[in-house]
Amino acid sequence: MTQAPTIAFQIFQSILVVLAAPLLMGWVNQCRAWLQNRSAPSILLPYYTLAKLFHKDAVIAEHASPLFRLTPYILFGCMWLAGGIVPVLATALPFAPAADIIALVAVFALARVFAALAAMDIGTSFGGLGARREMLIGFLAEPAMLMTLFTAAFISGSTQLTTIVDVLAHRQFVIQPSLAFAAVAFLMVLLAENARIPIDNPTTHLELTMVHEAMILEYSARHLALIEWGAAIKLFAYMTIGFALFAPWGIATAGDWAGLPLAIAALVAKLAVAGAGLALIETVSAKFRLFRAPEFLSTAFLLAVLGMLTHFLLRT
Amino acid sequence: MGTSLAGQMVNLLAAFLLLVAFAMLSQRRVLSLVRLFAWQGAALAASTLLVAYSTGQNHLYYSAALAVALKVILIPWVLHRLIDRLDVRWDIETPINIPTTMLVGIALVIFAFALATPISEMSSTITRGTLGIALACVLLSFLMMIVRRKAIPQVIGFLAMENGLFFAATSATHGMPLVVELGVALDVLVGTFIFGIFFFHIREQFDSLDIRHMEKLKED
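Residues numbered from 1 in each chain as written. Chains lettered and ligands numbered in written order. Predicted model: local features only at pLDDT ≥ 70, side-chain atom pairs only at ≥ 80, totals over all residues. Heavy atoms only, no water.

What follows covers the overall build of chain A. What chain A contains, in helices and strands, is eleven helices and two strands. Beginning at the N terminus, the succession of helices and strands in chain A can be written as α-α-α-β-α-α-α-α-α-α-β-α-α. The globule rule puts the C-alpha radius of gyration for 316 residues at 20 Å, and the 19 Å found for chain A is close to it. Within chain A, residue pairs in contact and separated by at least 24 positions form 81% of the contacts whose partners lie at least 6 positions apart. By element, 69% of the accessible surface of chain A is carried by carbon and sulfur atoms, the whole surface being about 13,300 Å². Of the charged side chains in chain A, 17 are positive and 16 negative, and the gap between their average positions amounts to 5 Å. (Helix = DSSP H or I, 4+ residues; strand = E, 2+ residues; numbered from the N terminus. Rg over C-alpha atoms; globule rule 2.2 N^0.38 Å. Contact = heavy atoms within 4.5 Å. Areas by Shrake-Rupley, 256 points an atom, 1.4 Å probe, with all protein chains shown as cover. Lys, Arg positive; Asp, Glu negative; His and termini not counted. Charge placed at Lys NZ, Arg CZ, Asp CG, Glu CD.)

See below:
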């Protein structure tokens, strides 16, 4: 098999992730508005916002270091890379051997570190506050995420995300209690990592509660646009990781253009359901106090560990 | 692999039991505790039913029926009435450190699994893998009885422990003889009533259900 079709697939997927991510964001916002009895904004609103931000002039604080200017590009790059590694439409991507699940978590961690550094770079109180909170959440969410991924890795015998998906999608149906545990843990991590409601409110600008928004308060125009776009891609990437681990049906193998329409249809359906589900979770739950966040995330960690343990016990 | 669908379902229910045990450990509200206890009983009954169906052991059907009647309906109802009569419906137990308790719980689960693995390898029943989970449930209920300070959660911990033992019996040996099970069920029921009476006496004596008061030898 030549490399050309798989590389074309990789390029197609990378472009698709970048372009479709704001659409997912718009869909989640629309569902949220419906559920909360507000008139919903257009599903294309995130695109308009991004376009508007790209056309504005950037204002940067006087004492900002180059790190501050560089960070939006690093964030966007990290998220895009993650979006390229995760098998969204097809397995066996040429990029995939570059990073297994551990490296994938590290890519997200890298983005987090730079976001926190940039937030502290300006020296405003909000930036530092947001950065500290983000690191608190991050260092609790990461082990839970790793444990979740390890559970899937143990089942499929590989830490390559593409191999995991191949194994999970093509085996005979077996009820795996360990995967059920891991799925719940993953959902909790997804909420925490993407600044979603029980942990952080993506729409708030209230000083006492904001985490992610506090970090990016100083950014404007194209920098802000890149960060927001990166956040959208992150949500997209997390959701597709979730699909890859817990609902890998309909995914195509690389170079198999015939399977592509089915894969796209499956992806759209899964994203629509997951987006609506996310909006539902955000509507029915209230934001936790910050000091409840460790409890929430330690529960996620616990579930992930239990998942791994039950896998060993019930493997017989 | 090669386990049947019933075996997989039993495994799933076992995992659910473990999850409920952890949820009980971390739950602060008394009412939710009772609800969780009822759920645990329901999962227990369902798994007993599945084992009975897949192994053709008829007496397990009676055990399942007993579990539903007693652990899903009667004891939760008695506890609800007690909570109403004691007027502790909205009691919240504040000073328990949940993350630490959870970590201790994980350690207990690892211990239980390590202990059960060699035993379950000797067995050939379809439910052999679940023995470790049953053991873990028992240990977690122990932990709950140790860390809780109020009387009602402690009693619920005790009842949950009986659930764990019941599950261990079904998973390891396809249940105890029916006479023994009936006896245990009756004991649990009578125990719940006696605890109920104790609650009133404790409260009359100390004006609270906090059992730390009972650790003092003299009244001051």
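Our next topic: the packing of helix α3 (residues 59–86) of chain B against helix α6 (residues 151–173) of chain B. Geometry of a packed helix pair, given as the angle between the helix axes and the separation of the axes. All names here are of chain B. At their nearest, the axes of α3 and α6 sit 12 Å apart, and the two run at 175 degrees to each other. One element, α3, and the other, α6, form an angle in the roughly antiparallel class. Here Leu60, Ser63, Lys71, Ile75, Leu79, Ile83 and Leu86 of α3 lie close against α6, whose contacting residues are Ile152, Ile156, Leu159, Glu162, Asn163, Phe166 and Thr170. Each residue belonging to the contact of α3 with α6 can be placed in one class, and the counts come to nine nonpolar, three polar and two charged. (Axes fitted to C-alpha atoms, helices over the stretch in contact; angles between N-to-C directions. Parallel < 35°, antiparallel > 145°, perpendicular 65-115°, else oblique. Nonpolar A, V, L, I, M, F, W, Y, C, P; charged D, E, K, R; others polar.)

All names here are of chain B. Overall, the predicted model of chain B reaches an average pLDDT of 81, with 90% of residues at or above 70. Confidence scores differ between elements of chain B, with helix α7 (residues 178–206) showing the lowest mean pLDDT of 81 and helix α5 (residues 131–147) the highest of 88. Predicted as a complex, the structure gets a pTM of 0.82 and an ipTM equal to 0.72. (pLDDT = per-residue confidence, 0-100.)

Opposite charge on two side chains makes pairing possible when the charged atoms of those side chains draw close. Enumeration according to the criterion identifies seven salt bridges over all chains in this entry. Among the salt bridges present, the one from Arg32 of chain A reaches Glu282 of chain A, with a minimum N-O distance of 2.9 Å. Of this pair, Arg32 of chain A sits in helix α1 (residues 4–35) while Glu282 of chain A is found in helix α10 (residues 260–284), placing the two residues 250 residues apart along the sequence. The residues Arg32 of chain A and Glu282 of chain A share a single accessibility class, namely buried. The residue Glu162 of chain B makes a salt bridge to Lys71 of chain B at a minimum N-O spacing of 3.0 Å. Residue Glu162 of chain B is located in helix α6, and its partner Lys71 of chain B is located in helix α3; the two are separated by 91 residues in the primary sequence. What emerges from the salt-bridge pattern is a single network uniting Arg112, Glu134, Glu142, Glu193 and Lys234 of chain A. (Salt bridge = Lys/Arg side-chain N within 4 Å of Asp/Glu carboxyl O. Buried < 20%, exposed > 50% of the residue type's maximum accessible area, 1.4 Å probe, protein only.)

This part covers the environment of Arg212 of chain B. For Arg212 of chain B, the location among the structural elements is in the segment after α7. A C-alpha to C-alpha distance of 8.3 Å links Arg212 of chain B and Lys150 of chain B, two positions 62 residues apart in sequence.

Below, the discussion takes up helix α4 (residues 101–121) of chain A. Residues and elements named next belong to chain A. For α4, built from 21 residues, the straight-helix expectation of 30 Å at 1.5 Å per residue is met to within 8% by its first-to-last C-alpha distance of 30 Å. Listed in full, the buried residues belonging to α4 are Ile101, Leu104, Val105, Val107, Phe108, Ala109, Ala111, Arg112, Ala115, Ala116, Ala118 and Ala119. Residues of α4 that are buried make contact with α3 (66–85), α5 (125–156), α6 (161–169), α7 (177–193), α8 (212–215) and α9 (221–246). (Expected span 1.5 Å × (residues − 1).)

The next point concerns the packing of aromatic side chains. Given two aromatic rings, one states the distance between the centres and the angle between the planes to describe the pair. Enumeration according to the criterion identifies eleven aromatic pairs over all chains in this entry. By way of ring pairs, the aromatic residues Phe54, Phe76, Trp80 and Trp229 of chain A are connected into one cluster. Of note, Arg292 of chain A hangs over the ring of Phe288 of chain A, and the distance from its end group to the ring centre comes to 5.1 Å. The side chain of Lys71 of chain B reaches across the aromatic face of Phe166 of chain B, ending 4.1 Å from its centre. (Phe/Tyr/Trp six-rings, centres within 6.5 Å; stacked < 30°, edge-to-face > 60°. Lys NZ or Arg CZ within 6 Å of the ring centre and 35° of its normal.)

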